[in-house]
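So the chains spell out like this:
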Protein chains: 4
Amino acid sequence: MGYDAVYDKMKDECGVFGIWAVGQSEEAANFTYLGLHALQHRGQESAGIVSSDGETLHTHRDMGLVADIFDADVLSTLKGGAAIGHVRYSTTGASHLKNAQPLAVQYAGGPVALAHNGNLVNAEALRAELEAQGSIFTASTDSEVIVHLIARARASGAPGSAEQLVGAVRQALGRVSGAYSILFLTPKVMVGARDPMGFRPLVLGRLKGSWVLASETTALDLIEAEYVREVEPGELVIVDGSGLRSERLFPDQRPQARLGRCVFEHIYFARPDTVLFGRSVYAVRHGFGRQLAREHAVNADLVIPVPDSGVPAAIGYAEESGIPFAMGLVRSHYVGRTFIEPQQSIRHFGVKLKLNALKDVLSGKRVVVVDDSVVRGTTSRKIVKMLRSAGAREVHLRISSPPTAWPCYYGIDTPSRQELVASTHSVEEIATYVTADTLGYLSLDGMYASMGAERSGFCDACFTGEYLIQFPKRTAPPPLRLVGQ
Amino acid sequence: MGYDAVYDKMKDECGVFGIWAVGQSEEAANFTYLGLHALQHRGQESAGIVSSDGETLHTHRDMGLVADIFDADVLSTLKGGAAIGHVRYSTTGASHLKNAQPLAVQYAGGPVALAHNGNLVNAEALRAELEAQGSIFTASTDSEVIVHLIARARASGAPGSAEQLVGAVRQALGRVSGAYSILFLTPKVMVGARDPMGFRPLVLGRLKGSWVLASETTALDLIEAEYVREVEPGELVIVDGSGLRSERLFPDQRPQARLGRCVFEHIYFARPDTVLFGRSVYAVRHGFGRQLAREHAVNADLVIPVPDSGVPAAIGYAEESGIPFAMGLVRSHYVGRTFIEPQQSIRHFGVKLKLNALKDVLSGKRVVVVDDSVVRGTTSRKIVKMLRSAGAREVHLRISSPPTAWPCYYGIDTPSRQELVASTHSVEEIATYVTADTLGYLSLDGMYASMGAERSGFCDACFTGEYLIQFPKRTAPPPLRLVGQ
Amino acid sequence: MGYDAVYDKMKDECGVFGIWAVGQSEEAANFTYLGLHALQHRGQESAGIVSSDGETLHTHRDMGLVADIFDADVLSTLKGGAAIGHVRYSTTGASHLKNAQPLAVQYAGGPVALAHNGNLVNAEALRAELEAQGSIFTASTDSEVIVHLIARARASGAPGSAEQLVGAVRQALGRVSGAYSILFLTPKVMVGARDPMGFRPLVLGRLKGSWVLASETTALDLIEAEYVREVEPGELVIVDGSGLRSERLFPDQRPQARLGRCVFEHIYFARPDTVLFGRSVYAVRHGFGRQLAREHAVNADLVIPVPDSGVPAAIGYAEESGIPFAMGLVRSHYVGRTFIEPQQSIRHFGVKLKLNALKDVLSGKRVVVVDDSVVRGTTSRKIVKMLRSAGAREVHLRISSPPTAWPCYYGIDTPSRQELVASTHSVEEIATYVTADTLGYLSLDGMYASMGAERSGFCDACFTGEYLIQFPKRTAPPPLRLVGQ
Amino acid sequence: MGYDAVYDKMKDECGVFGIWAVGQSEEAANFTYLGLHALQHRGQESAGIVSSDGETLHTHRDMGLVADIFDADVLSTLKGGAAIGHVRYSTTGASHLKNAQPLAVQYAGGPVALAHNGNLVNAEALRAELEAQGSIFTASTDSEVIVHLIARARASGAPGSAEQLVGAVRQALGRVSGAYSILFLTPKVMVGARDPMGFRPLVLGRLKGSWVLASETTALDLIEAEYVREVEPGELVIVDGSGLRSERLFPDQRPQARLGRCVFEHIYFARPDTVLFGRSVYAVRHGFGRQLAREHAVNADLVIPVPDSGVPAAIGYAEESGIPFAMGLVRSHYVGRTFIEPQQSIRHFGVKLKLNALKDVLSGKRVVVVDDSVVRGTTSRKIVKMLRSAGAREVHLRISSPPTAWPCYYGIDTPSRQELVASTHSVEEIATYVTADTLGYLSLDGMYASMGAERSGFCDACFTGEYLIQFPKRTAPPPLRLVGQ
């Protein structure tokens, strides 16, 4: 349907974290640092923290991993009892500091910072409109649109007050269309909001006198905060000196009948130790594996996962099938971004640098290998070949999700339609391409059944092409972009 | 008059450089790099270059010296035949990358970059007005106000065209009040402008087919460009594919009878090898020294300068007085920003790290020491003491400018009134404080006479308090500022 | 027996890699870079490569991970068809570049480089002797002793020839006592040697015309080299322009009846995909788990590993016991060296930063948790507590090795005897300390039985205190050490 | 005479500093840091400090400037009341950390550090001899030879005692031939020595209870230490807990009749504020200029220096000749090591990046330009051309030293004979090459006469080829050198 050609724009995968100490504390930045570390799997390209000391905001952002960006000296400059943080990964070739979050700006309401997970579908139209009204843009993220909309909102309440910020946030988010789990911080208030369909996760936690908002519960676990509940789709959470209160983001709208929680978070993106949308990610993946064994049984000697994300499903498959489980592929955890490959003799180290097959385990065996998804097919092909080189007699590829045939526009990094092997090839063709003896995908119905969930609670557009949010008409050529820091 | 308390804001000292190759060239960034190197004395804190390849802009900015920020790899990413650059020094305690220039943003007219030397007096009022209209600010410089005014201008012409940019620049600069020598760059055009009073310098040069704009002629010399002339106060220079044309910035305004060229550039700030406001800086300083000798003769054995800026005036003083000239103070050129001093025994290394007195030259001598100005008096006091420790029998301090009694609001870094020793002390009191045997300042009339110049062409507010631009009434408390990167 | 107090010296864990292209190739450094990456688990503190271009040696060493130390520019300076490399981890508080390997020095035989895995027991005595003869030391590693012994050897053959180097290596290694798998490189020859008891691993591989030596087969797998065989204990391998030849390191000595292959490499240190001492590490660990289940059965609902090293044994335990296997602990792979912890409220993040327990999986369950070893007991204690906090009803700790009661002096990092909980506490006391419901260690006999191996082929001093090499009498106080780079 | 071809080896220019607090102080490293800063002009490539806390030595060395290498954190690790430091510049293409000083090693006498200024003429022979005896070398400096000789000395006294160190130093220095002003530090004693001919400077100072040794008095000035006297040629200074004592380095040798103080230090290398070999450098240079005016008078309008080193001589020339003095060339102090030049249009920025000529001052003038020396002639040629481009009608080049026709082997960086323009060209030919109207060098006799000095006290081999120390016969080909870090 040609969405790709039109919307070939930057896609962000991100994690957010925020904490507000109702009582006294100067450790907000330290807790945010730990929280971001626990969310590092959601984005390894840049990270940032903005803290509030009650009077002003303090900011630090940089490219790299959380543990490298922040040290004791930097954290000591991020004073105050409240903070929000962000980790980010983008799919654009060049990664720029100017796109790092949280954004922190000054507007008529005073200073405000923003940490956003998700993608908007009408960002370009809004940007063109804002530029026509005289706004200037310094970055290339959707999130900058939101901060401009806040600056142009006409909200009642004293500048810098919770009332004024909440009013501005409602007006701004009322204009945008798409996926957002988003945190705002001013010197006086922290606000969290989740779009009405609830694409991206956001949870609420409590640590003694402090309230915590985070993308995943694993961040709560690390700081030993108690998991309270999901922030609901369409919910607005306001935390300030008087405590926490919850409101409907758009009180005049009826709650959505159809929700859009991202099922791919369960399949691949979230950490297995997270409670996501009210369900244990590990248990869900384990159940996918069991269901997959029921749908695509095969005679084999061994079930092995593609580590790390395929492990729970492989265990489930092994249990359900009664075939022994083994770690037939070992993963290296030292792979960096800029690995140098020899010039002449050897090519395509990509997969080999991360994975190695155990000859001793695989030799002569009929092997079921369980992975979470197939994107372009090239990695699966290399894995199958690696298993055969290690001596596997048969290789049966089992995928713990339906075929990924449509790109995501709501916050998961997927390539364009043309690059998704399942968009243009049948399962049989894919099996041939990846050189597997057999290939089985989890069915859509089986996926929901194994979760015990209604499909109406989830977005599965990447499998079905049923996008829950309309795309706006394209009205103008994309504006030129600035390049560089 | 209390200006200080109200306007205790960031003051920038800066240098700007721009080049537009009418013919074909891919070396604009390389020439800009050299030009900024020649202007490094105007700002050592941060630097940046934005280039245009005709389609888009490429940016690199960082903290530090030009030679450290740019290398061959970085320069190779700054493609294209046109570029502008900026070096900056600010007086705020914390120096932030976000304040580095050139600014580069996206607005309705497309991408635009800006490099600004000077300070505005109505920046805060404009900022408050812009924020009230929904603008957001990410930095704390005056220059961001200008870019917002451009984005909000209603100029005719196609977006990105020279006509549209020039119209927007005129509207924007029509709103601001203060000092600016400023360069703009879009993919299609470079524009230079100088405020109607001409506070800060800006010169035009020619290098084969290219046009060059720079703060000082020393930047032209290094790239072997020909010096054409000053950009006139109130002049607008437009360079694009069709060549260079000059217009009046505000055609409806009559040219200013009273101009405001900064006389302090001649006294201290500019490099001695520069032709500034049509005069050789070296010759002007040399003449100041001769005049100073006429106004404040003294019997002495030796005339020595405080290097490096005091050298030409000391040579002039020695010639006029017939007293031998000597380099009785040696300057170290390896002093960095973060020098560590021993904790216990020794204090106040500041001046000693830079200057050392030659006992052999000074011992038993009556010494005239020539410096360009006295700010707080503390450095002069240390120098006089250093000369006495080295054996000088008498120390006669001669200053090649009138007493600095008023802060500058137009682009030179000076402390607040309270800190300027000449604002609250007589010459005799200052002589006593700095422990000089005698102290003589150049007279205001003598300064202009020795230049052969009319006072009406210059701003000398730092000596006289006669500020040429009105300050706006302060209407609101200063907005909170974001802290950090 | 007080060994600790006397020999509380630096212990190194290391990996080595070497390649010699018999034909033409300029890629030796690139392959070494890949090989070191595959051996990164053996040392993450520093790394280095020395290459030979046939005329001279080229060196690069630095602190950090292989992927960070080397880039294309650096590798391009490491010219030539032969190279050796080293990764290192040391247990001393301060880590210094001067201790990074390979060592590269100039001596009478020309330039020589050395990469050493293992620890010597008579290094200090030799060092004292060498110093008494006028040698100077710049680092604090055992390996520097070996290079001095080579420099002082009286070997026949032309300086720089294979004959001369081999003679010098034999004389040098004839003086040292302890563990070494060691590579030497000169412009003309590469030599590999393994001590007569074979403590540390070393394998030989072949990649087309090149010969490869590496600590583990995983390095061969990555570069797609063929595994030829172990370098035998007491074997000397010489590779030069005329090919590879193997000799006895000490031809006059009889081969050792008792060998000392490090059983702890199988238990913990080697990668599971390695073939170590002729056996698959994964298969050995899996067998340990099965044997452990036979020796220490328990009624439980779940078997979980402490990832990553405990995974194969846990799978084995689960299979043998019939209890379901689950990944009840999730490991983070983003933990750096310098993690900052909050100051006030939360302490002891060490284990929590790496591991998180899955409440959903563990809640209400009787859990068998399988780890490879217990050192101080503190980590086990935190893990047991973490499992209980996550809701485990019972926690049964199973260790896939015998109690670690004695420090290693042959190349594995272990603390001193006093710190080893098993040296002073019974199994029951340890169980109480770590708060486990039950604790079971693999028996020594069971360990060997499950491997199908004779104890006489291995060193198990860490479990039994039966050190295979005598310690020299201590004759002098330890010399002062230089501190710093 | 072909010395160059044989001895085309590394030449070091260096500065040394040492301090020993007889009383209590923990600031030795801080004072050394300041002292090295004052000596930075003697070497900008690498620097280091070794301190003694009475028990052990602490070391930090790195590439770069003193102010960049050391910060408060680093200095705080360099504990103790005694320290030595070193700044270094080498002429080899590649600069390596391994060659940075002070050297710090462990030998039979304990830890010892060494900071050396000067070059040895028999280093290669000694190195070959030491290697033949089993010594290994890690760097490529002369200084490493000295430390090996110390390690092999047979000195009486307890290891680490002053007696033992002094004995070893005497034996070691008794073997070497060449130039050295050298400092040694052990936990218990600091020793300074100067070779019997006194090529390189070394002075003694006193700061309250502390003794200071430094290459130049400018380092004493900065820390406000009192200048006591030169360390005499052939003197040995020993400082330890019992205070300072002076001895003859070789008591059995008669003092040298002919001394070798480097006259080039006076001409160019030392800072003008230093008292060198008992004479003020500024006064000596000033006198050279006066003498030069007497020897090579010319009708002219202006005398200008090549800054900075030519300034005192130009002032002297102007005074003696009565021709006005002017700063017709301005020097930039921001030139770094790695300046990038444009690729296509402009070449040979070398001199232009450092110097700019003042058109206004020079236009139409007959100019005498005074420089300290001519090496290859290329720089002089560029300067003369630059002056003519700026409008000078005549350019008369005056050099405040005799023609430099011979390379230095005693510690000053000079190119090989072939590259020295004066070794193969007459003064007239050089004048033609550099395009000067006239060229005049200071005569050798005039040089000494203007100093009021006997030639027998100085080395002037660079002008006369009369080398005061014999070169050893070359017996072996130069050994291969290791390349890299």
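Cut-offs used in this document
- Residues numbered from 1 in each chain as written.
- Chains lettered and ligands numbered in written order.
- Predicted model: local features only at pLDDT ≥ 70, side-chain atom pairs only at ≥ 80, totals over all residues.
- Domains from an automatic or database assignment.
- Contact = placed C-beta atoms within 7 Å.
- Helix = DSSP H or I, 4+ residues; strand = E, 2+ residues; numbered from the N terminus.
- Nonpolar A, V, L, I, M, F, W, Y, C, P; charged D, E, K, R; others polar.
- Buried ≥ 20, exposed ≤ 12 C-beta atoms within 10 Å, placed from the backbone.
- Arc of directions from axis to C-beta.
- Least-squares fit on C-alpha atoms with pLDDT ≥ 70 in both.

### Re the domain arrangement of chain A
Residues and elements named next belong to chain A. Domain annotation for chain A reports domain 1 (3–257) and domain 2 (266–332 + 350–464). Taking only C-alpha atoms, the centre of domain 1 and the centre of domain 2 are 33 Å apart. At the junction of the two partners, domain 1 supplies 25 residues and domain 2 supplies 18 residues. Residue assignment for the side of domain 1 that touches domain 2 shows that the elements contributing at least two residues are α1 (3–6), β1 (12–21), α8 (217–222) and β11 (226–230). Sorting elements by how many residues they give to the side of domain 1 that touches domain 2 places α8 first, with three residues. Within the side of domain 1 that touches domain 2, the residues separate by chemical class into eight nonpolar, eight polar and nine charged.

### Observations concerning the interface of chain D and chain B
Taken together, the contacts link 50 residues of chain D with 50 residues of chain B. Contributing elements (two or more residues each) for the side of chain D that touches chain B: α2 (28–38), α3 (66–69), α4 (72–77), α8 (217–222), α10 (281–295), α11 (311–321) and α13 (359–362) of chain D.

### Thoughts on helix α17 (residues 444–451) of chain C
All names here are of chain C. Within α17, burial applies to M447, S450 and M451. For α17, the angular spread of buried residues about the axis comes to 100°, placing them on one side. The elements touched by buried residues of α17 are β16 (279–280) and α10 (281–295). Directly beyond the C-terminal end of α17, a positive phi value near 65° is found at G452.

### Digging into the relation of the copies chain D and chain B
Superposing chain D onto chain B requires a rotation of 180° together with a translation of 0.0 Å along the rotation axis, leaving an RMSD of 0.1 Å. Such a combination of turn and shift is consistent with a two-fold rotation axis. No C-alpha of chain D approaches the rotation axis more nearly than that of H333 of chain D, which lies at 3.2 Å.

### Notes on the interface of chain C and chain A
If you look at the interface, chain C gives 51 residues, while chain A gives 50 residues. Taken together, the elements giving at least two residues each to the side of chain C that touches chain A come down to α2 (28–38), α3 (66–69), α4 (72–77), α8 (217–222), α10, α11 (311–321), α12 (350–354) and α13 (359–362) of chain C. In terms of residue class, the side of chain C that touches chain A is built from 29 nonpolar, 12 polar and 10 charged.

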